[in-house]
Amino acid sequence: MNEKLSRLYEYFMGFLFPNVCKFCNNTAAYREEGYVCEKCRQDRTKIDVPFCYVCGVQLTGNFEGIERPLCPQCREMPPYFDWARANSLSVGNVYQAVLYYKYSHKIWFEHWLGKLLIETAQTYLDPADWDVIVPVPLHPKRRRERGYNQSERLARILSGSLNIPVKEIFRIVNTPAQASLNREERIKNIKDAFAVKDWPGDYKRAIVVDDVMTTGATCSEVAKCLKACGVENVFVLTVCHGGSNL
Ligand SMILES: [Zn+2]
Ligand SMILES: [Zn+2]
């Protein structure tokens, strides 16, 4: 977009989205913050130690002296990905923003959510170690209904910041919504749902991006698919983690 067009675009966006916080409606907030003011952005619970070394779920209790604590789920049935880290628990304004972003076309929230994802990436990984970013795909039918894949948009924001290319994979099975299912049902539901086309052989270390992790079944299945293509390590990054091991 040339500069004139870009200014015109900003003008109309300003008209459509006046610079006011979309949560409290009374404080100034701007596009680069996803139109969420500083105070409303604080309504989130950041995941911090102790968390599961593998899936990143927030743990409670005393894990002092344990270098790599594991949740019961990862001890019993480890996922196919190597590590997952999320920025915040699935509560508060940050989770509301994820839901609005995903289900109500409120895509302006992505600037805030993208920043949280970048912050988490910078905390837990070194971009120089990673070859590619892979968004969790939607089935084409669901993508058409929604008009976009929120994970892909977040992956592209992260890609711009870390300077790592994005490679899409495909969802070949239109799985029923996972929300009402338990972990075993989710694993069965999502099995063999993903496929890869023309995967470059030198992509050995992949960062998988999604908006929310719940049981980890979807990201695990994506990791399984990537590892079948020769990927050696998979690191999952999500904005929220709503794990049940609290
Ligand atoms: Zn506010
Ligand atoms: Zn775990």
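Here, the structure is the one placed above.
Residues numbered from 1 in each chain as written. Chains lettered and ligands numbered in written order. Predicted model: local features only at pLDDT ≥ 70, side-chain atom pairs only at ≥ 80, totals over all residues. Heavy atoms only, no water.

Overview of the packing of aromatic side chains
The relative placement of two aromatic rings is captured by the distance of their centres and the angle of their planes. Counted by the stated rule, this structure contains 10 aromatic pairs. On the numbers, 5.5 Å between centres and 40° between planes, the contact of F23 with F109 is tilted. Placement of F23 in the loop between α1 (3–16) and α2 (38–41) and of F109 in the loop between α4 (92–103) and α5 (110–124) is noted, with a sequence separation of 86 residues between them. Ring pairing ties together the aromatic residues F23, Y100, W108 and F109, which thus form one cluster. Above the ring of F170, the side-chain terminus of K197 is found at 4.9 Å from the ring centroid. (Phe/Tyr/Trp six-rings, centres within 6.5 Å; stacked < 30°, edge-to-face > 60°. Helix = DSSP H or I, 4+ residues; strand = E, 2+ residues; numbered from the N terminus. Lys NZ or Arg CZ within 6 Å of the ring centre and 35° of its normal.)

Considering the packing of helix α8 (residues 183–190) against helix α9 (residues 217–227)
Relative to each other, α8 and α9 sit at 35°, their axes nearing to 9 Å. Relative to α9, α8 is oriented so that their crossing is right-handed. Two secondary-structure elements touch here, α8 through R186, I187 and I190 and α9 through A217, T218 and E221. For the contact of α8 with α9, the per-class residue count stands at three nonpolar, one polar and two charged. (Axes fitted to C-alpha atoms, helices over the stretch in contact; angles between N-to-C directions. Left-handed = near helix turned anticlockwise from the far one by under 90°. Contact = heavy atoms within 4.5 Å. Nonpolar A, V, L, I, M, F, W, Y, C, P; charged D, E, K, R; others polar.)

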